[in-house]
Amino acid sequence: MKYVILTFICLTSYVFRGQTPSIIPIPLKAEYPKGSYSLPSSLTLSGPNDPSLKVAFSLFSEKLKKATGYKLKWVYGDQAKANIRFVLNKSFDSSLGKEGYRLQVNQSGVQILANNPVGLFYGIQTLGQLLPKEIESKTIVNGVSWKIPFANIQDTPRFAWRGMMFDVARHFFTKDQVKQFIDEMVAYKYNLLHLHLTDDEGWRIEIKSFPNLTKKGAFNVKKIGRFTEFSKPEPNEPRDFGGFFTQDDIRELVKYAKDRFVDIMPEIDVPGHSMAAVASYPELSCTPEAVNYQVISGEPFIDWSTDHAIALQDNTLCPANEKVYTFLDKVFGEVSELFPFEYIHMGGDECPKNYWDKNPQIQALRIKEGLKNSQEVQAYFTRRLEKIITSKGKKMMGWDEILEGGGLPKNTAVMSWRGIKGGIQAANDGHQVVMTPNSNVYLDLMQGDGIIEPPVYETVRLKNSYDFNPVPQGVNAELIKGGQANLWSEQLFNYRHLQYMLYPRAWAVAEDLWSKNDNKNWDNFISRVENHFERSDMAEIKYARSMYDPIFKFSKTSKGEIQVNMTAEVGNISFHYSFDHSLPDHYYPAALGVITVPKDAVEMRVIGYRGKKPMGQAIRFPISDMLKRIK
Ligand code: ACM
């Protein structure tokens with residue numbers, strides 16, 4: 001579906017005529033003159049014979065061929081007569097920068113120009129979105145008129161770091177699934193895959209010097225239900241659930257990503273989140289009971305009821321144990337060899353200190369090094385690790401907890417996740433920063449109300465993701481490398497659900513990171529999201545429709561009546577409801593403002609409609625749950 005979007009006119013200096021294509025992320029400048037170019041059923045493409053573009057060109061050809069059934073011919077070099085021409089600029093066009101491109105569609109065909117191969121690659125992604133949605137089909141779609149609207153697009157990203165974190169530790173995802181993840185990322189111009197490779201629930205990368213890390217550390221007990229509330233595994237339950245990447249797998253993934261202009265940043269999360277390592281090599285812990293520890297299977301083992309983690313089993317590497325630094329030297333050495341990317345992420349988050357506080361080795365270290373508290377003990381560990389990582393020719397990055405305890409080396413970059421305050425502090429201290437605030441870009445969190453969404457800790461709605469701006473006021477913008485969406489996998493049991501959690505929020509974050517802030521517009525974005533829902537249907541990619549569900553607020557009057565206020569996240573939605581257990585449709589009353597719950601009602605049912613079309617999920621809200629919220 002295409003919309004005429006009047007509000008969009010003010011977003012760029014151009015005037016749009018007719019229908020506006022739905023490009024996500026929105027390009028820097030775009031005009032769409034009247035008219036379109038029809039692809040002939042036998043077409044010629046031309047482009048530079050550049051090895052770094054081989055895969056990109058063949059992926060594009062395959063996509064075109066699969067959906068259209070058309071005959072394609074490639075000619076290397078610049079062919080003025082080609083229907084689709086890819087051209088590398090002979091001299092640098094500074095308006096496009098390193099990653100930008102210029103895309104023109106007119107009566108002679110399509111032309112994409114860029115300074116570098118990566119720019120042509122992003123031009124291809126935009127061209128894909130200019131084509132009819134059927135281009136996403138994996139089989140030939142007959143009866144489509146394969147037209148591309150006339151366009152003059154000039155585009156370049158706002159940030160160089162457009163990341164997506166994939167947690168393959170809590171739940172393992174296979175090499176092919178990681179490849180699919182990369183393919184989905186690049187369609188929206190993400191360029192950095194942060195692989196969270198180790199955690200309490202699994203160690204996912206082969207380390208030749210420490211084979212137990214994957215022999216024992218990569219497997220736990222399969223449990224289904226609600227992660228962190230699972231029963232404690234019985235001693236006789238098979239520990240065969242999980243997996244890991246061999247070093248060859250990693251090399252293959254790095255190459256696969258590189259062919260799509262994506263860098264992979266590995267994360268080895270230490271000194272906390274290390275139960276898989278401790279269970280494999282208990283001598284790395286400073287807790288004697290660690291010899292009995294097992295890789296966590298989703299059973300509770302940390303007390304999160306205070307503002308810091310209290311471990312019920314010690315999941316940390318011991319900063320007072322020299323063997324730990326020998327271990328880190330070997331592990332980070334092997335990891336550095338595998339990943340060409342300049343940064344290695346060392347985690348550093350949520351490290352419980354309660355076992356350290358009662359440990360004599362740690363107390364001795366504190367006296368020797370003059371460390372005032374356990375935060376300073378972690379800071380000491382971080383500084384030692386930074387030396388190791390630097391000795392491998394890499395730069396270190398960590399979660400914002402590494403600022404605590406002070407003394408963080410200046411060339412260490414900080415990834416701010418507990419909101420943006422850690423990022424602000426880090427930038428003010430002169431560190432490079434990547435912003436990943438949990439309030440906006442934690443895509444593992446629910447995208448709607450917990451009454452209907454698969455339960456996770458909290459909610460981050462699409463609008464929260466769209467409102468993300470990585471550069472806070474007053475901060476030196478040069479120190480903000482960019483931002484990143486994070487997809488933790490505690491509650492991700494399969495790839496379809498992974499997609500459900502990603503979309504549409506990953507589209508919002510893509511726009512936050514690529515597009516100029518002034519070009520962003522919520523209503524316009526939503527109309528493009530709706531187009532991308534249709535494209536995703538063609539591509540058979542799952543997504544959430546939670547943006548059509550109500551935002552609920554409950555209150556009680558002085559007379560004890562329960563009141564429900566339902567507001568919509570997106571425009572043009574009405575909520576039809578019942579209290580009599582029947583399933584509401586658009587003939588039922590629409591909630592306008594606050595509604596009062598009838599005295600004897602047991603549940604409310606509600607669903608969002610646009611006119612006569614059901615848009616949201618059928619929600620059943622027990623009155624007992626409303627009462628809990630009011631309390
Ligand atoms: C984190 O979410 N613990 C970085």
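Per chain, residues are indexed from 1 in the order of the written sequence. Local features in a predicted model are, by the rule used here, given only for residues with pLDDT of at least 70; side-chain atom pairs are given and counted only at 80 or more, and totals for whole chains, interfaces and linings are based on all residues. With hydrogens and water stripped out, all remaining heavy atoms of the structure feed into the side-chain values.

1. Considerations on the confidence of the model for the protein chain
So, step 1. The predictor reports its confidence for every residue as pLDDT, a score running from 0 up to 100. Taken over all residues, the pLDDT of the protein chain has a mean of 96, while the share at 70 or more is 97%.
So, step 2. This stretch, residues 1–18, has a pLDDT under 50; its non-local contacts, to residues over four places away or in other chains, come to 36 contacts. The criterion used for residue contact is that any of the two residues' heavy atoms lie within 4.5 Å.

2. A few points about a positive patch on the surface
So, step 1. Surface patches are defined over residues having more than 30% relative accessible area and no salt bridge, joining like charges when they lie within 9 Å and nonpolar side chains (Val, Leu, Ile, Met, Phe, Trp, Tyr) when within 5 Å. Exposure was quantified through the Shrake-Rupley algorithm and a 1.4 Å probe, taking into account, for residues, occlusion by the shown protein chains and nothing else. For salt bridges, the criterion is a side-chain nitrogen of Lys or Arg within 4 Å of an Asp or Glu carboxyl oxygen. The positive count covers Lys and Arg only, the negative count covers Asp and Glu only, and His and the chain ends enter neither. Where a charge lies is defined by one atom per residue type: Lys uses NZ, Arg uses CZ, Asp uses CG and Glu uses CD. Taken together, the side chains of Lys66, Lys138, Arg496 and Lys542 present a region of like positive charge at the surface.
So, step 2. Going along the chain from the N terminus, every DSSP run of H or I of four or more residues is numbered as a helix, and every run of E of two or more is numbered as a strand. Here lysine 66 lies in helix α1 (residues 54–68).

3. Section: the packing of aromatic side chains
So, step 1. The aromatic pairing rule takes the rings of Phe, Tyr and Trp, using the six-membered ring of Trp, and pairs them if the centres are within 6.5 Å, calling planes under 30 degrees apart stacked, those over 60 edge-to-face and the rest tilted. Evaluated as defined, the whole model comprises 34 aromatic pairs.
So, step 2. Judged by centre distance (6.5 Å) and plane angle (90°), the rings of tyrosine 325 and tyrosine 380 are edge-to-face. Remark: tyrosine 380 occurs in helix α10 (residues 374–391) and tyrosine 325 occurs in helix α7 (residues 322–338); sequence separation between them is 55 residues. Considered together, tyrosine 325 and tyrosine 380 belong to a single accessibility category, that of buried residues.
So, step 3. Taken together, a centroid distance of 5.8 Å and an interplanar angle of 10° make the contact between phenylalanine 552 and phenylalanine 554 stacked.
So, step 4. By relative accessible area, which is 9% here, phenylalanine 552 ends up buried.
So, step 5. Partly exposed describes any residue whose relative accessible area lies between the buried limit of under 20% and the exposed limit of over 50%, with all areas from a 1.4 Å probe on protein chains only and scaled to the type maximum. Residue class for phenylalanine 554 comes out buried when judged on its relative accessible area of 15%.
So, step 6. Only lysine NZ and arginine CZ atoms are considered, and such an atom sits over a ring when it is within 6 Å of the ring centre and within 35 degrees of the ring normal. Above the ring of tyrosine 256, the side-chain terminus of arginine 260 is found at 3.5 Å from the ring centroid.

4. Quick look at the sheet that holds strand β9 (residues 151–155)
So, step 1. One requirement defines pairing of two strands: DSSP has to find at least two bridges between them. The mixed open sheet is built from seven strands, whose spatial order is β1-β9-β6-β7-β5-β3-β4. Either end of the sheet is taken by a strand with one partner, and the two such strands are β1 (29–31) and β4 (71–76). Strand after strand, the sheet turns through a mean of 10° between neighbouring axes, direction not considered.
So, step 2. Two elements, strand β3 (residues 42–47) and β4, share six bridges in a ladder whose sense is parallel. Residue pairing in the sheet places glycine 47 in a bridge with tyrosine 76 of β4.
So, step 3. As a rule, the C-alpha atoms of each element are fitted with a line to give its axis, helices using only the stretch in contact, and angles between N-to-C directions run from 0 to 180 degrees. Against the sheet, helix α2 (residues 117–130) contacts β5 (84–88), β6 (101–106), β7 (109–114) and β9, and its axis sits at roughly 40° relative to β6.

5. So, the pattern of salt bridges
Two side chains bearing opposite charge may form a pair once their charged atoms approach each other closely.
So, step 1. Counted according to the given criterion, the structure contains 37 salt bridges.
So, step 2. Residue arginine 170 pairs with glutamate 201 through a salt bridge whose shortest N-O separation is 3.1 Å. Here glutamate 201 lies in the loop between β12 (198–199) and β13 (202–203) and arginine 170 lies in the loop between β10 (161–167) and α3 (175–187), a separation of 31 residues in the sequence. When sorted by exposure, arginine 170 lands in the same class as glutamate 201, which is buried.
So, step 3. Residues arginine 251 and aspartate 248 are paired through a salt bridge, measuring 3.1 Å at the closest nitrogen-oxygen approach. Here the residue arginine 251 and the residue aspartate 248 both occupy positions in helix α5 (residues 247–258), the gap between them amounting to three residues, near one helical turn.
So, step 4. By sharing partners, the salt bridges in this structure join Asp167, Arg170, Asp199, Glu201 and Glu490 into a single network.

6. Remarks on the side chain of arginine 461
So, step 1. Tracing the backbone shows arginine 461 in the loop between α12 (438–441) and α13 (462–466).
So, step 2. Judged by its relative accessible area of 10%, arginine 461 falls in the buried class.

7. As for the nonpolar core
So, step 1. Working definition of a nonpolar core: buried Ala, Val, Leu, Ile, Met, Phe, Trp, Tyr and Cys residues. They are joined through side-chain atoms within 4.5 Å. Core analysis: the biggest nonpolar cluster contains 177 residues, and Leu328, Phe332 and Met604 have the highest contact counts within it.
So, step 2. A per-element tally of this core places α7 first, with eight residues.
So, step 3. Filtering out sequence-adjacent residues up to four positions away, leucine 328 remains in contact with Val270, Leu317, Gly333, Phe381, Leu385 and Ile388.
So, step 4. Formed by 18 residues, the second largest nonpolar core is a distinct cluster that contains Trp399, Leu445, Met446 and Val460.

8. Brief notes about helix α11 (residues 421–428)
So, step 1. Every buried residue of α11 is accounted for by Gly422, Gly423, Ala426 and Ala427. Down the axis of α11, the sector holding all buried residues measures 130°, keeping them to one side. When the buried face of α11 is taken as reference, the exposed residues oriented beyond 90 degrees from it are Lys421 and Asn428.
So, step 2. Its buried side turned inward, α11 meets β21 (413–416), β22 (433–435) and β23 (480–487).
So, step 3. Positive phi appears at glycine 430, one or two residues downstream of α11, with a value of about 90°. Read the arc as the range of directions from the helix axis to the C-beta atoms.

9. A short note on the pairing of β23
So, step 1. Most of β23 is tucked away, with eight of its eight residues classed as buried.
So, step 2. In this structure, β10 lies alongside β23, joined through six bridges in parallel fashion. Residue pairing in the sheet places tryptophan 161 in a bridge with glycine 482 of β23.
So, step 3. Relative to β23, β22 runs parallel, the two being bridged by three bridges. Paired with valine 433 across the bridge in β23 is isoleucine 480.

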